[in-house]
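This is what each chain is made of:
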Amino acid sequence: MALYWAASCGGCEISVLEVNEAILDVAGFFDIVFWPVALDFKYHHVAAMADGEILVCLFNGAVRNSEQKEIAELLRRKSQVMVAHGSCACWGGIPALANVTDRDGVFQRVYFESPSTDNPQRITPQTSTRMPEGEITLPVFFDTVYALDQVVPVEYYMPGCPPVVDQTLSVVEALMSGALPPPGSVVGAGSKTVCEECKREKSDEKKVRRFRRIHLAGDLDPIKCLLEQGVICTGPATRSGCGAKCTTVGMACRGCYGPPAGVVDQGAKLISALAAVIDSQDPEEIERIADGIDDPLGYAYRFGMAASSLRRVRVQ
Amino acid sequence: MSAQFEPRIIAFLCRWCSYTGADLAGTSRLKYPPNVLPIRVMCSGRVDPTFVVSAFRKGADGVLICGCHPGDCHYNEGNYNMMRRFPLIRKLLAQFGIEPKRVRLEWVSASDGDRYAKVVTEFTEQIRQMGPLAWDQVLSAPPTREPVESGVTAS
């Protein structure tokens, strides 16, 4: 088994360790041959293996630079089964929100504009730098963030930010027993929506005359559906499998498990669900209610921008 | 803008009012530009925002949605559902860098043949002025403008 992290936060890695003592069973069953976050194997060790020598690779993180692309291609060649592990690998995840701009926009923000940056010499990463000892290099940072299957073929998609522990265990057990679904399947998740798992009370009435941000809505009913209270909740456009942990503790669903079975565009589905709770038949009032949502794209594609129909914003 | 640019417009027409209205425009021998590809749907409320983003992804320059006039929906509420989606669809498209005017919502009844022809003529002309959207260029852009060299070798 190989595990790798590309453009990700490390949460998926932690979620693997969160299986606690079961990690010993995993390590007993699989020979872990590559895991940069935990073990001291190098890229050249992987390159020296025969093609297909690795049974399964759990790849977390999106692909946003040339190093990540190259390692994805290397691990694909060496692995029989490639698993997109976590929402970044599946659909781009949070890093893919950078697809609202390009490399210049990201560098501008990160190296010059962010309030905590002090960079009077205006230094930005260079792919090649000449030093007295010789040339040193960095990977090329891409203009667009990609989901793993936009770079290499992927057998299984294991969503979540991060995947919840019991789902991770069920996938690892399936890998150990060989009882795998057809390639292309989403594993470690349900097929319906988060609403199916959410215990909050729902009605079919349209009630929203104003959308509210959850931290500014102080008078929320703890029992009722958040969306019906005007708080944007991605539950109706998000795959089940997490156990609706967020809505249970009073946080709106943010959509990390990606689109449910049969939904091609999670964000477009969310737009449809948001419109369905608006209580008005007057075009002007509807416009005003819709204007209460400052950033539809951010809600719609918080975890899935790279895999969305339009994939990225057009930069002029 | 190329003088030869012919807009590709996808029109979602509700089966009860607008498709019949488009039929009437035809049987009345009204002339309107041939740039619209009509797709018959059961109701404007059936037009999921997914259809709109898919149309633009697959090469449409404009999307026209036509349904029954408010109050006339065969299913009572369907056209209101579309009315509620529309501002959010436009806002989302604007964030992607797609001009909101590339998508248009119109109410066309079964007797509105002349209105259908007028809407299609106006919209085609408007999209022609705006020029091609060419989203395939956004999708096919290379990851980087720099050459990428391989660094990993076995040892």
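Being a predicted model, the structure only gives us computed values, none of them experimental.

The rules behind these values
Residues numbered from 1 in each chain as written. Chains lettered and ligands numbered in written order. Predicted model: local features only at pLDDT ≥ 70, side-chain atom pairs only at ≥ 80, totals over all residues. Pairing = 2+ DSSP bridges. Helix = DSSP H or I, 4+ residues; strand = E, 2+ residues; numbered from the N terminus. Axes fitted to C-alpha atoms, helices over the stretch in contact; angles between N-to-C directions. Contact = placed C-beta atoms within 7 Å. Nonpolar A, V, L, I, M, F, W, Y, C, P; charged D, E, K, R; others polar.

Draft legend 1. Representation of the sheet that holds strand β4 (residues 103–107) of chain B. All names here are of chain B. If you walk across this open sheet you meet the four strands as β2-β1-β3-β4, and the pairing is parallel. The sheet is open, and its two borders are formed by β2 (36–41) and β4, each paired with just one other strand. Each strand axis lies, on average, 20° off the axis of its neighbour in the sheet, ignoring direction. One ladder, built from five bridges, connects strand β1 (residues 9–14) with strand β3 (residues 62–67); its direction is parallel. Bridge assignment links Leu13 to a residue of β3, and that residue is Cys66.

Draft legend 2. Examining the sheet that holds strand β8 (residues 156–158) of chain A more closely. Residue and element names in this part refer to chain A. Spatial strand order, β1-β2-β4-β8: four strands in an open sheet with parallel pairing. Only two strands of the sheet have a single neighbouring strand rather than two, namely β1 (2–5) and β8. Strand-to-strand twist of the sheet, defined as the mean angle between neighbouring strand axes without regard to direction, takes the value 25°. Sheet topology note: the β1/strand β2 (residues 54–60) ladder contains four bridges and is parallel. If you follow Trp5 over to β2, its bridge partner there is Asn60.

Draft legend 3. Geometry of the interface of chain A and chain B. If you look at the interface, chain A gives 36 residues, while chain B gives 33 residues. Listed by contribution, the elements that provide at least two residues to the side of chain A that touches chain B are α3 (43–47), α4 (66–78), β7 (141–146), α10 (266–276), α11 (283–291) and α12 (296–300) of chain A. Ranked by the residues each element gives to the side of chain A that touches chain B, the list is headed by α10(A), at seven residues. A class-by-class count of the residues in the side of chain A that touches chain B yields 21 nonpolar, seven polar and eight charged.

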